[in-house]
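# Understanding the architecture of this molecule
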Amino acid sequence: MSEPKEFSTGLTVRDVAVARGGRTILEGASFDLAPGAALFVKGANGSGKTTLLRALAGLAPIETGEAHLTPEGSSPAARRAAIVYCGHANAVKAAVSGRANLAFWATLYGAPKDRTEAAIEAFDLAAFVDAPAGALSQGQRRRLALSRLILSAKPLWLLDEPSAAIDAASAARLSAVIAAHRARGGAVMVATHDGMEIDGARTLTVHARAA
Amino acid sequence: MNGFLAIISRDVALGFKAGGGTVQTALFFALTALVFAIAVGPDTALLSRIAAPTLWAAALLSALVSLDRIFQADFEDGSLDVIVETADLLEGRVLAKAIAHWIAACLPLILATPVLALLLSLPAQGYWPLVLSLLVGTPALSFIGAISAAVTLSLRRAGVLIAILTAPLYAPALIFGVAAANAGASGAPNFIPSLLFLGAGTLFSMILAPLAGAAAIRFNMS
């Protein structure tokens, strides 16, 4: 296919080390994430998967090494602009409705109204989006949080245990959303323990640095 | 609506929800003033002399107990990640959070002040100077408090620590605020000089808080 895709941003990581609580826990991480690619990050508890994703997303410092966006940009601010990070914490405020949470994120991401509707559609939120978020189940909050991926409209998605707490049907939706994102030239990086499957995904295995 | 206004309106809305803390802070303010009134007893002359300092001290304590709400909840539930990720300028986000704290925590206190001043027999000419001094001075409490809240971000249950760290920094605002309010209450012709010093402190803290707060957040998120 020669037609240009919506996204053309990739990520090149060379020899990156990250620290948690002042101790270097992971070093020597190197990989390329091309537009449209998918990469699993696997490793034991405490091996630094979350810290690596947060550092690449520009939310924590990279100790040594380099993380370049392709075609250009390597500063944390440039990475924050191109990468959406969806972590363990859902960032959902329990005191207000799901729709109010979505509206807040949509404003922060500068998302137009139809993108909010697309996000509700993509993760099938319509049935509970108007209920107070405090009344939602863990899985429903998770789906609400995942809708930020759509709202952000960013090329690179960094997901930390995205399928935790969600049911099989929702996991299938997530896979479909990821496939659609990759078809548009977006890339995803997923840290996971469970058997989530993505076509053509490579795997990066990380090990905790010997103490 | 841009991110700055979205953060202010969200934080203020959350403050007024159940568990948001606005009502608790206002009640704490009233309670502190009442405790003073009860402790002093029925000596109206003494009460009317200490009414303005008491209300200023109560406002300061109420601000202190509400500071851990500025960033802590957002840090724990992951919202701060989204706020940082989408920030063109983190300093602006910190300013928005501090302004939201002032609206949700301090403004209700100022609105309640005339009622409590009545209870404490504040002289009639002292109302306007007291309210004015609180309007000019309490934003400094929110701005300075935002720095402390950002510094203690990664510590759990940091409420008391924040209060200990912040109380000394509140001293200038308290001194000039009470000076302005007292001058007004005693019928002194001019309480403006103290008010100007108070305003200068507020403006200074408004510049300092976004810079220091954003630096502290960046440090704490590493």
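For the structure, see preceding data.
Computed from a prediction, not measured in an experiment: that's the story for all the values here. Per-chain numbering applies: the sequence of each chain, read as written, is numbered from 1 onward. Think of it this way: whatever chain is written first is A, whatever ligand is written first is 1, and the rest follow in order. Where local features are concerned, this predicted model is filtered to residues with pLDDT of at least 70; where side-chain atom pairs are given and counted, the filter is 80 or more; whole-chain, interface and lining totals use all residues.

### Regarding the interface of chain A and chain B
Counting from both sides, the interface comprises 20 residues of chain A and, opposite them, 21 residues of chain B. Looking at the side of chain A that touches chain B element by element, the count peaks at five residues for helix 3 (residues 98-109) of chain A. Any pair of residues counts as being in contact when their C-beta atoms, constructed from backbone geometry, are within 7 Å of one another. Per the convention used, a helix needs a DSSP run of H or I reaching at least four residues, while a strand needs a run of E reaching at least two, with both numbered from the N terminus.

### Re the pairing of strand 1 (residues 10-20) of chain A
Residues and elements named next belong to chain A. Strand direction decides the pairing type here: strand 1 and strand 4 (residues 64-70), joined by six bridges, are antiparallel. Paired with V13 across the strands is A67, a residue of strand 4. Two strands are counted as paired when DSSP detects at least two bridges linking them. When strand 1 meets strand 2 (residues 23-33), the two strands line up antiparallel, connected through seven bridges. Across the sheet, residue L11 finds its bridge partner in strand 2, namely L33. Between the antiparallel neighbours strand 1 and strand 2 lie two residues, among them G21 with a positive phi of about 60 degrees.

### Some thoughts on the sheet that holds strand 7 (residues 187-191) of chain A
Residues and elements named next belong to chain A. Read across the open sheet, the five strands follow the order 5-6-7-3-8; overall the sheet is parallel. Each edge of the open sheet carries a strand with a single partner, namely strand 5 (83-86) and strand 8 (202-205). Averaged over neighbouring strand pairs, the angle between their axes works out to 20 degrees when direction is ignored. Where strand 3 (residues 38-42) and strand 8 come together, four bridges link them in parallel fashion. Looking at the pairing, K42 lines up with T205 of strand 8. Between the N-to-C directions of two axes lies an angle of 0 to 180 degrees, each axis being a line fitted to C-alpha atoms and, for a helix, fitted only over the stretch in contact. Contacts from helix 5 (residues 138-152) reach strand 5 and strand 6 (156-160), with the element oriented near 175 degrees to strand 5.

### Concerning the nonpolar core
As used throughout, a nonpolar core is a set of buried Ala, Val, Leu, Ile, Met, Phe, Trp, Tyr and Cys residues joined through C-beta atoms within 7 Å of each other. The exposure scheme places C-beta atoms from the backbone and then counts, for each residue, the other C-beta atoms within 10 Å of its own, assigning buried at 20 or more, exposed at 12 or fewer, and partly exposed in between. Membership of the largest hydrophobic core comes to 131 residues, with the highest contact counts inside it found for A:L56, A:L158, B:L55 and B:A150. No other element matches the 13 residues that helix 6 (residues 90-119) of chain B contributes to this core. Excluding anything up to four places from it in sequence, B:A150 contacts B:F71, B:V94, B:G213, B:A216 and B:I217.

### Observations concerning the sheet that holds strand 4 of chain A
All names here are of chain A. Strand order in the open sheet formed by three strands is 2-1-4, with antiparallel pairing between adjacent strands. On the outer flanks of this sheet lie strand 2 and strand 4, each paired with one strand and no other. This sheet shows a mean twist of 20 degrees between the axes of neighbouring strands, independent of strand direction. Those strands touched by helix 1 (residues 49-56) are strand 1, strand 2 and strand 4, and its axis lies near 125 degrees from that of strand 1.

### Comments concerning the pairing of strand 3 of chain A
The pairing of strand 3 of chain A with strand 7 of chain A spans four bridges and is parallel. Its bridge partner lying in strand 7 of chain A, A:V41 is registered against A:A191.

### So, helix 1 of chain A
Counting buried positions along helix 1 of chain A yields seven of eight residues, so the element is predominantly enclosed. Taken residue by residue, helix 1 of chain A has A:K49, A:T51, A:L52, A:L53, A:R54, A:A55 and A:L56 as its buried positions.

### Things to note about the environment of A:A187
All names here are of chain A. Locating A187 in the fold gives a position in strand 7. Taking C-alpha positions, A187 is 10 Å from A201, a pair spaced 14 residues apart along the chain. For A187, the contacting residues outside a window of four places in its chain are G10, L11, L33, A34, P35, G36, A37, A38, P155 and L156.

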